[in-house]
Amino acid sequence: GAVVSQHPSRVICKSGTSVKIECRSLDFQATTMFWYRQFPKQSLMLMATSNEGSKATYEQGVEKDKFLINHASLTLSTLTVTSAHPEDSSFYICSARDPTDTQYFGPGTRLTVL
Amino acid sequence: AQSVTQLGSHVSVSEGALVLLRCNYSSSVPPYLFWYVQYPNQGLQLLLKYTSAATLVKGINGFEAEFKKSETSFHLTKPSAHMSDAAEYFCAVSLTGGGNKLTFGTGTQLKVEL
């Protein structure tokens, strides 16, 4: 299957700082990528849909000014958590849609905000 | 709107025994249904998907699932559990195909005992 990578795999930051997470489709072009958040022992919650060359579509209740998404190329989407707080600590997972309309998931990024 | 209910947050089976993970869905239109597996601190891997073709869907690692419209179910089964099957399993539904918004169930943690 197709491969999606995320970087970094783990990040620890201080409260008030910003953190950028990258999501890359390694062997296919993805016009659409998705960002999910997963709390411990819970399911994935879709945060936003990222479309190449246009603004992301955020799910209800997700602060777009706090979770900045940029999809500048067909293989890269970034999620920036601005002014991070401890409650933003979570496991963030991206996925990318391939030309066969299948979503492939990245390995996730563990964010810890101190 | 669509939703997925996974009955049993934890399932424990003996190695070699039948695996049965339950999933019921709610959808206003014919759904696309998926099963994903997640190993600790990793992203999700697609096991199988139902897209309105055959009601019995075979996936990777010996798993299969049967779509039963009358019961609004899509239970995941495997005839003989292996230790390597121990993981978290998520059922998901989409209204418009796997490349679009997925709504996940709360997950079932499968434990395989000797």
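Our subject is the structure listed above.
What this report covers is the structure whose coordinates are included nearby. No experiment lies behind these values; they were computed from the predicted model shown. (Residues numbered from 1 in each chain as written. Chains lettered and ligands numbered in written order. Predicted model: local features only at pLDDT ≥ 70, side-chain atom pairs only at ≥ 80, totals over all residues. Heavy atoms only, no water.)

**Here's the deal with the nonpolar core**
And then number 1: Of all hydrophobic cores here, the largest spans 26 residues; its most connected members are Trp35(B), Leu48(B), Phe74(B), Leu76(B) and Tyr89(B).
And then number 2: Of all the elements in the fold, those that place two or more residues in this core are β2 (10-14), β3 (19-21), β5 (32-38), β6 (44-50), β8 (64-68), β9 (73-78), β10 (87-94) and β12 (108-113) of chain B.
And then number 3: With 4 residues, the single largest contributor to this core is β10(B).
And then number 4: Judged by nonpolar contacts, the second largest core, of 23 residues, contains Val4(A), Met33(A), Tyr92(A) and Val113(A). (Core = buried A, V, L, I, M, F, W, Y, C linked by side-chain atoms within 4.5 Å. Buried < 20%, exposed > 50% of the residue type's maximum accessible area, 1.4 Å probe, protein only. Helix = DSSP H or I, 4+ residues; strand = E, 2+ residues; numbered from the N terminus.)

**A look at the state of the cysteines**
And then number 1: Here the structure, examined in full by the defined rule, presents 2 disulfides over all chains.
And then number 2: Disulfide pairing places Cys23(A) opposite Cys94(A) at an S-S distance of 2.0 Å. Its torsion about the S-S bond being 80°, the disulfide of Cys23(A) and Cys94(A) is classed as right-handed. Linking Cys23(A) in strand β3 (residues 19-25) with Cys94(A) in strand β9 (residues 90-97), this pair joins segments that are 71 residues apart in sequence. Of the two residues, Cys23(A) and Cys94(A), neither departs from the other in class, the shared state being buried.
And then number 3: Cys23(B) shares a disulfide with Cys91(B); S-S distance 2.0 Å. Looking along the S-S bond of the Cys23(B)-Cys91(B) disulfide, the torsion reads about -65°, which is the left-handed sense. Remark: Cys91(B) occurs in strand β10 and Cys23(B) occurs in the loop between β3 and β4 (24-26); sequence separation between them is 68 residues. (Disulfide = S-S within 2.5 Å.)

**What to know about the interface of chain B and chain A**
And then number 1: On the side of chain A, 19 residues touch chain B, which itself brings 19 residues to the contact.
And then number 2: Carbon and sulfur atoms make up 47% of the area that chain B and chain A hide from each other, which totals about 1,400 Å².
And then number 3: Summed over the shared surface of chain B and chain A, the number is 1 salt bridge.
And then number 4: Its salt-bridge partner being Glu59(A), residue Lys101(B) comes within 2.8 Å of it at the nearest N-O pair. (Contact = heavy atoms within 4.5 Å. Buried area = accessible area lost by both parts, 1.4 Å probe. Salt bridge = Lys/Arg side-chain N within 4 Å of Asp/Glu carboxyl O.)

**With respect to the side chain of Glu59(A)**
And then number 1: Relative to the helices and strands, Glu59(A) is located in the loop between β6 (57-58) and β7 (67-73).
And then number 2: Separated by 2.8 Å, the side chains of Glu59(A) and Lys101(B) make a polar contact.
And then number 3: Excluding residues that lie within four positions of it along the chain, Glu59(A) makes contacts with Leu46(A), Met47(A), Ala48(A) and Lys101(B). (Polar contact = N/O pair within 3.5 Å; in protein donor to acceptor, adjacent residues only side chain to side chain.)

**Some details on the sheet that holds strand β8 (residues 76-81) of chain A**
All names here are of chain A.
And then number 1: Taken in spatial order, the 4 strands line up as β1-β3-β8-β7 in an open sheet, and their pairing is antiparallel. Either end of the sheet is taken by a strand with one partner, and the two such strands are β1 (4-7) and β7. Shown here is a sheet whose adjacent strand axes are inclined to one another by a mean of 15°, direction ignored.
And then number 2: As paired strands, β7 and β8 are joined by 5 bridges and run antiparallel to one another. Each residue of the ladder has a partner; that of Leu68, found in β8, is Thr80. (Pairing = 2+ DSSP bridges. Axes fitted to C-alpha atoms, helices over the stretch in contact; angles between N-to-C directions.)

**Side note on unusual backbone geometry**
And then number 1: A cis amide bond links His7(A) to the next residue, Pro8(A), at an omega of 0°.
And then number 2: Relative to the assigned elements, Pro8(A) resides in the loop between β1 and β2 (10-13).
And then number 3: For Asp101(A), which is not glycine, the phi torsion reads 70° and is therefore positive.
And then number 4: Along the chain, the position of Asp101(A) falls in the loop between β9 and β10 (103-105).
And then number 5: Of note in this structure, Thr72(B) is not a glycine but carries a positive phi near 45°.
And then number 6: Within the fold, Thr72(B) resides in the loop between β8 and β9.
And then number 7: Note on Thr72(B): relative accessible area 32%, which makes it partly exposed.

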